[in-house]
Structure formats: C-alpha cells, structure tokens
Amino acid sequence: MTSRIKCRGRKSRFLIGAVILSVSLPLGAARAQDADVVGRVNGQEITADDLSIAEQMYSQQLSQMPEDAKRSVLVDALIELRVVADAARAANVAEQDAYRRQLAFFEAQTLRSLFLEQRVAAAVTDAAVRAAYDEQAAKTPPVLERRIRHILLRSESDALEVIEALKGGRAFTELAQERSADEVSKANGGDLGFVAEGQVVPEIDAAAAQLQPGEFTQTPVASAFGFHVVLLEETRNRPAPAFDAIAPQIRQALEASEERRIISDLRGAAKVEKLVPDVTPPEAEDGHEH
C-alpha cells in the first residue's frame, strides 16, 4: 500500500485486499467499460467500484485532500495492492492456513457490517427520525424566556436621569446607544436577546420578572456592575431546536439503539458459550485526577 496513506494496521490492509480481490472480474467474464477502468496491473483491470471501496475505507484520512489528488493516491494504493497480491498468489500464500483463517474472519466481519447496515437502514427511516423528534419535543417542559434590554449607568443619579428621559418619551434604544456603559449591548440598543432565568445578572432577572411586556423599571436596579434601567420587550416559551439542526444526532442515536437491539435479539436466540470469564475492562485514562 502506498506510503502516502497511513494504514490502520495489518487488518485494514488485508481487509481491503480481500474486498478488492473478491470483486475483481474472473477470467473470461465481461470486461468493464473503459470509462470505469482506472488502472491495470498485468492486464487485470482496477475499476471505479474498486476505487469506491478504497475511498470508503480511507475517507477520514483523505478527507482534506483535493478530489483529483485523492483519486491519484487511491489508484496508486490499489495498483500496489494488486502487484503484491499477485506476488502472494505466485508464492502460494493463498494456500496457507493463515490466509484462510484471516479470510474467514474478514468475511464474517464484512457480512456483519453489511447485515447490520441494511437492517438498521430499514428500521431508522426519515419517518422514524421525525417521530422521535416530535415525541421528544412533546416531552420537553416549556422554558420561559424574556427578551430584555438594559442600560448600564455608573451612578444612581445617572440612572434616574435616564428613567426620567424615558418617561418623557425618549426611545429606550436611543438612550442605550447614548448612555449605556455596557459596550457589548449598547450598539444594539441594550438588547440582551431572549434569556431564560439564570442567564443574566440576578438583579436584572428579578427586575424583569416584575414587568409586563413594554414596561421599564421605574427605579434604578443596583448590581455589582452599576445601576441598570431594564426594559422587558416580550416573553415566550423557548422554541424547540429546529428539526434539521438535530436530525443527524437523532438518527445516530436511533441507529446505535437499533444495532444494539438486533445484536441482543440474535444473541438471545443463539446457543452461545463463552468459555472465558467475564472481566470488565479498566476505564480509559483521561489524564485528569478524579
């Protein structure tokens, strides 16, 4: 295998070899269309299907590589694979027990992978993902959010001046832009966005809880940062995350659950004898003291 690909060990190299060799055309079979042929070794064709399998195996390692470079690297790897496989056949490696044992193992591994992939795909449909989303959204308790604006002043007298200006008809957003000491929110008219309880300074939380939408505090609200004038714009129940945003995570969780269920059912129906003791593996070291 070409050195430009970092293999995942002997098992990965052998698995690719077994897959590639198993899909190679037998002697006398119809030849692939020229457009599907990406290389030849001693007259044996390497096809686009071979390339596709290799690309799946190395998708993570080659993910940042441009498509033309990725294609070139993979074809080199397949050529090298075929050259060495031909040499192995000539040396009668295919007649060795070690070859047959490994081939049987990887055949079982491939059968397992394809079987679970197909059964899981049949069970975890788009409709199943949507149903799981709807069920979870229905179970999630509503969270009250308030859209709050505030103006931060350095002194209580400055805050009182702002409150009088608001009573006189000045716009809250204009006063925030002119007077607020909060450099982050002042450009947006003091807007803190929609926040749930506990997401802002406790004193602002408590003041906003006493207001109706459209009302502002009639007295300065003191905090460790200074004095605030708070406006409650509106309230709402926090919307559920958009389906498209979390559908991939839902699908992944459903697929993992379905795979576990299938394996559990199959093991339950099989006559299994484990002739070694059950031992819980040690937890992986994460580098932190607990």
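Parameters and conventions
- Residues numbered from 1 in each chain as written.
- Predicted model: local features only at pLDDT ≥ 70, side-chain atom pairs only at ≥ 80, totals over all residues.
- Heavy atoms only, no water.
- Helix = DSSP H or I, 4+ residues; strand = E, 2+ residues; numbered from the N terminus.
- Buried < 20%, exposed > 50% of the residue type's maximum accessible area, 1.4 Å probe, protein only.
- Contact = heavy atoms within 4.5 Å.
- Areas by Shrake-Rupley, 256 points an atom, 1.4 Å probe, with all protein chains shown as cover.
- Axes fitted to C-alpha atoms, helices over the stretch in contact; angles between N-to-C directions.
- Parallel < 35°, antiparallel > 145°, perpendicular 65-115°, else oblique.
- Nonpolar A, V, L, I, M, F, W, Y, C, P; charged D, E, K, R; others polar.
- Expected span 1.5 Å × (residues − 1).
- Pairing = 2+ DSSP bridges.

A. Layout of the overall build of the chain. Across its full length, the chain holds nine helices and six strands. Residue burial in the chain is summarised as follows: out of 290 residues, 29% are buried. Considering only residue pairs separated by 6 or more positions, the chain has 69% of its internal contacts joining residues 24 or more positions apart. For the chain, the accessible surface area stands at approximately 19300 Å², while carbon and sulfur atoms represent 52% of it.

B. Layout of the packing of helix α5 (residues 126-139) against helix α9 (residues 243-269). At a minimum axis separation of 9 Å, α5 and α9 run at an interaxial angle of 110°. Considering their axes alone, α5 and α9 lie roughly perpendicular with respect to each other. Where α5 abuts α9, its residues Asp126, Ala128, Val129, Arg130, Ala132 and Tyr133 lie against Phe243, Ile246, Ala247, Ile250, Arg251 and Leu254. The class makeup of the residues in the contact of α5 with α9 is nine nonpolar, no polar and three charged.

C. Seen up close, the side chain of Lys70. With respect to the helices, strands and loops of the structure, Lys70 is situated in helix α3 (residues 67-90). A relative accessible area of 10% means that Lys70 is categorised as buried. Non-local contacts of Lys70, meaning those with residues more than four positions away in its chain, are made with Glu55, Leu62 and Met65.

D. Up close: α3. Between the first and last C-alpha of α3 there are 35 Å, a value that for 24 residues agrees with the 34 Å anticipated at 1.5 Å per step. Within α3, the full set of buried residues consists of Lys70, Val73, Leu74, Val75, Ala77, Leu78, Leu81, Arg82, Ala85 and Asp86. Following α3 by one or two positions, Asn92 has its phi on the positive side, about 65°.

E. Broad picture of the sheet that holds strand β3 (residues 144-153). Strands sit in the order β4-β3-β6-β5 across an open sheet of four strands; the sheet is antiparallel. Of all the strands in the sheet, the pair left with one neighbour each is β4 (191-196) and β5 (221-223). Ignoring which end each strand starts from, the neighbouring axes of this sheet average 45° apart. The sheet contact formed by β3 and β4 spans four bridges and is antiparallel. Across the sheet, the residue bridging to Arg149 is Asp191, located in β4. Strands β3 and β6 (226-237) of the sheet are contacted by helix α7 (residues 172-179), whose axis makes an angle of about 45° with β3. Docked against the sheet, helix α8 (residues 202-209) engages β3, β4, β5 and β6, running at close to 115° with respect to β3.

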